[in-house]
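The residues making up each chain are set out below.
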Amino acid sequence: MTTKKYTTQLEQFREELYQTFNNRADTLMELVDAISSNPYARSIVEYSLTPCFRRSYSTIFKAINEMEMDDLMTARLLAPHLPRPQQRPFWLFGTDVTPQPRQFAHTLPDRGIVYQPNSIKGNTPVTIGHQYSTTVLFPDEEVGVSPSWVIPLMTCRVPTDKDKELMGSGQIDALLQDSELPFGDSLCVDVGDTSYSKPACLHANRHHHNLVTIARVRGTRVLYQQHQPEPDKIKQSRGRPRCYGERFSLQEPDTWHEPDEQKTITEQSRRGKKYCIELNVWHNMLMSGKRKPEPLPMHKYPFTLMQVIRYDEEGNLACKRPMWILAIGEQRHELTILNIYQAYSTRYDIEHFFRFGKQKLLLDSFQTPDDVREEKWWKLAHLAYAQLWMARHVVCSLPRPWERNLPEMKKRLVSPTLAQRDFGRIIRQIGTPAKPPKPRHISLGMKIK
């Protein structure tokens, strides 16, 4: 009965997706199915060899060129099927950027120097190309489903004259403001890495009273305590009242005051190693604001600062330096210490999404001289991943012979890779709303009597 319920939801999602496409809907629907069911394609044109794609290879590029899709289309399609958070009292978002290397595309507009990890030590980790900012939703863990799943909501290219972190803040702002999405009236948490802890990014969405931003803080930052004037020493004087208190340098333990809260927890890694995590929390901390290019009065937005120290089983430091995390927002006090730490730890799942997208969905493999078509391909690949997530409960686990003894396979957890392997069978069973092609054939010509 449960499988029938999820199969019906998948069919409804596919029908809504098909109705959303305005131009070349049949071709685009079959292309999304081909991306979702073919993990072995090495180029975009090879998707035309997938059994569910019944058209010629040239129609792929014609359909992508004519596709019309706004930034919130994926989120609106998934909105009726998003599970309400049960294990945590808030919606959890994650935002990050990933590179699209186009080093040899000399005619592609708006290329720039972008970050790209480099495995060779000593080489500069940069390349030439584009960057894409993606916002995902982290769902609660489900029985029989791998915890690495995310729900892609929005993606867009970052122009070279725009700030990539502010682009991510704009995506969160658009998701919270849309009335068709269920996030506007609920507590929401957005997590980001170190680059999202700068004042401009933290200040951008403070008008959303239901949003709490969690970000990692660089270990060289200098913060401040919130100034608390003594009642008997208050005097009336000209000028703005003092806001910043004692200096709090993350590199200098002598400047730290006693934590307001402390907690110790234990963790076990996927390889079975156990760690002891020490969490120290300071409330009502401040960071310095900015005056240019626009004023950022950060003294109005106090935040919670957390120090994370990891020890191994022998009591030795597992990491050389502690990790610093901040949580800023009007409702930050509704989050416990454990909520803040676990929310940031979940952020790493977005990296699994980028890796799977680039390896199995050819996310960064579309070679085109047009940046608009490139961005359309990214949105189409995100739709294919969203369709795999919708099918997670009707997928049969199909491990390869050498994968049967892996711990993840013994737990029989459905991952995006297993969903993609079995999606071809699902299409054959439930069918497709796309209509078959009507070949025109070659005219016989004029008959000569």
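Our subject is the structure that appears above.
Here is a short report on the structure shown in this document.

Before going further, it helps to spend a moment on the overall build of the protein chain. The helix and strand tally for the protein chain stands at 11 helices and 12 strands. Referenced to the eigenvectors of the C-alpha coordinate spread, the extents of the protein chain come out at roughly 115 × 50 × 50 Å. The proportion of buried residues among the 449 residues of the protein chain is 48%. Counting only contacts in the protein chain whose residues sit at least 6 apart along the sequence, the fraction spanning at least 24 positions is 69%. About 24100 Å² of surface is accessible on the protein chain, with carbon and sulfur atoms providing 49% of the total. With 62 positive and 51 negative side-chain charges, the protein chain shows a spacing of 6 Å between the two charge centroids.

What follows covers helix α3 (residues 58-66). Restricting attention to buried positions, one finds in α3 the residues Thr 59, Ile 60, Ala 63 and Ile 64. In a view along the axis of α3, the buried residues occupy a sector of 135 degrees, so they form one face of it. Lining the buried residues of α3 we find α2 (25-37) and α9 (371-390).

Right, let's talk about the pairing of strand β1 (residues 91-101) for a bit. The element β1 is largely enclosed, with a buried count of 10 among its 11 residues. Bridge count between β1 and strand β5 (residues 188-192): four bridges; the pairing is parallel. The residue bridging Gly 94 from the neighbouring strand is Val 191, located in β5.

Its location among the elements puts Tyr 47 in the loop between α2 and α3. Separated by 10 residues in the primary sequence, Tyr 47 and Tyr 57 have C-alpha atoms spaced 7.9 Å apart. If near-sequence neighbours (up to four positions away) are discounted, Tyr 47 is found in contact with Leu 31, Ala 34, Ile 35, Asn 38, Ala 41, Phe 53, Ile 60, Lys 360, Leu 361, Leu 362 and Trp 377.

Rules used throughout
- Residues numbered from 1 in each chain as written.
- Predicted model: local features only at pLDDT ≥ 70, side-chain atom pairs only at ≥ 80, totals over all residues.
- Heavy atoms only, no water.
- Helix = DSSP H or I, 4+ residues; strand = E, 2+ residues; numbered from the N terminus.
- Buried < 20%, exposed > 50% of the residue type's maximum accessible area, 1.4 Å probe, protein only.
- Contact = heavy atoms within 4.5 Å.
- Areas by Shrake-Rupley, 256 points an atom, 1.4 Å probe, with all protein chains shown as cover.
- Lys, Arg positive; Asp, Glu negative; His and termini not counted.
- Charge placed at Lys NZ, Arg CZ, Asp CG, Glu CD.
- Arc of directions from axis to C-beta.
- Pairing = 2+ DSSP bridges.

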